[in-house]
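One letter stands for each residue in the lines below.
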Amino acid sequence: MELLHQQPGHEDAVVFHAQQCLEKYFKAALIAHGESVQKIHDLRELSRQLGILMPDWEADPSDLTRITQGGVMFRYPGMEAHADDAARAVGITKQLRQRLSGWLRTLPEDS
C-alpha cells in the first residue's frame, strides 16, 4: 500500500490494499480475543465488534465506511480513486495498524 502510494497512478490499488490491511488486523485482534471471525469485509462492523472487546478501541466509522466502499468500488470500470482518496486511506490505515500491531505485540506468545 505504502509503496504503491509513492507512485502516481495506483490510487485504486492503494485503497484496495488499505482495506485488506485493516480487515486482516481487525480479524487478527478478534481472534486474539478468542472470537470467531465472520467472513465479512465490512471494516465498520469489524471495528464495532472489536470495540465490544476493547473498551478503549475507537475508530471513525465514516472513515472505515469510505475505505470499505473504496476497496470494492474502485476495482470496477468507471470508478476511480483520486489522490486524496488514496492519501486518506493510507493515513487512516497507518494509524490504526500502528495501534493494533502495538496491542498485538503485548500478547503472550501462546495466545
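Let me begin by describing the structure that accompanies this report. Small disclaimer: the values here were computed from a predicted structure and weren't measured.

A word on the overall build of the protein. Counting its secondary structure elements, the protein contains 5 helices and 0 strands. N-terminal to C-terminal, the α/β element order of the protein is α-α-α-α-α. Whereas a compact globule of 111 residues would reach a radius of gyration of roughly 13 Å, the protein reaches 14 Å, a difference of no more than 12%. Seen through its C-alpha atoms, the protein measures out along the principal axes to roughly 45 × 25 × 20 Å. Relative to its full complement of 111 residues, the protein shows a buried share of 34%. Taking the contacts inside the protein whose residues are at least 6 apart along the sequence as the reference set, 61% of them involve residues at least 24 apart. Here the protein displays about 6,800 Å² of accessible surface, and carbon together with sulfur accounts for 52% of that area. Each charge class in the protein was averaged separately, 12 positive and 16 negative side chains, and the resulting centres sit 2 Å apart.

Glancing now at helix H5 (residues 83-105). The periodicity of an α-helix, 3.6 residues per turn, causes residues three or four places apart in sequence to face the same way. The end-to-end C-alpha separation of H5 is 32 Å, in line with the 33 Å expected for 23 residues at 1.5 Å each. Inspection of H5 places Asp 85, Ala 86, Ala 89, Val 90, Ile 92, Thr 93, Leu 96, Leu 100 and Ser 101 among the buried residues, and these make up the whole buried set. Along its buried surface, H5 packs onto helix H1 (2-5), helix H2 (11-32), helix H3 (43-53) and helix H4 (61-73).

Glancing now at the packing of H2 against H5. Two elements in contact, H2 and H5, have axes whose closest approach is 9 Å; the angle formed by their N-to-C orientations is 20 degrees. Considering the angle they form, H2 stands roughly parallel to H5. Where H2 crosses over H5, the handedness of that crossing is left-handed. Facing Glu 11, Val 14, Val 15, Ala 18, Cys 21, Leu 22, Tyr 25, Phe 26, Ala 28, Ala 29 and Ala 32 of H2, the residues of H5 in contact are Ala 83, Asp 85, Ala 86, Ala 89, Val 90, Thr 93, Leu 96, Arg 97, Leu 100, Ser 101, Trp 103 and Leu 104. Residues belonging to the contact of H2 with H5 are distributed by class as follows: 18 nonpolar, 2 polar and 3 charged.

Each value, and the rule that gives it
- Residues numbered from 1 in each chain as written.
- Predicted model: local features only at pLDDT ≥ 70, side-chain atom pairs only at ≥ 80, totals over all residues.
- Heavy atoms only, no water.
- Helix = DSSP H or I, 4+ residues; strand = E, 2+ residues; numbered from the N terminus.
- Rg over C-alpha atoms; globule rule 2.2 N^0.38 Å.
- Buried < 20%, exposed > 50% of the residue type's maximum accessible area, 1.4 Å probe, protein only.
- Contact = heavy atoms within 4.5 Å.
- Areas by Shrake-Rupley, 256 points an atom, 1.4 Å probe, with all protein chains shown as cover.
- Lys, Arg positive; Asp, Glu negative; His and termini not counted.
- Charge placed at Lys NZ, Arg CZ, Asp CG, Glu CD.
- Expected span 1.5 Å × (residues − 1).
- Axes fitted to C-alpha atoms, helices over the stretch in contact; angles between N-to-C directions.
- Parallel < 35°, antiparallel > 145°, perpendicular 65-115°, else oblique.
- Left-handed = near helix turned anticlockwise from the far one by under 90°.
- Nonpolar A, V, L, I, M, F, W, Y, C, P; charged D, E, K, R; others polar.

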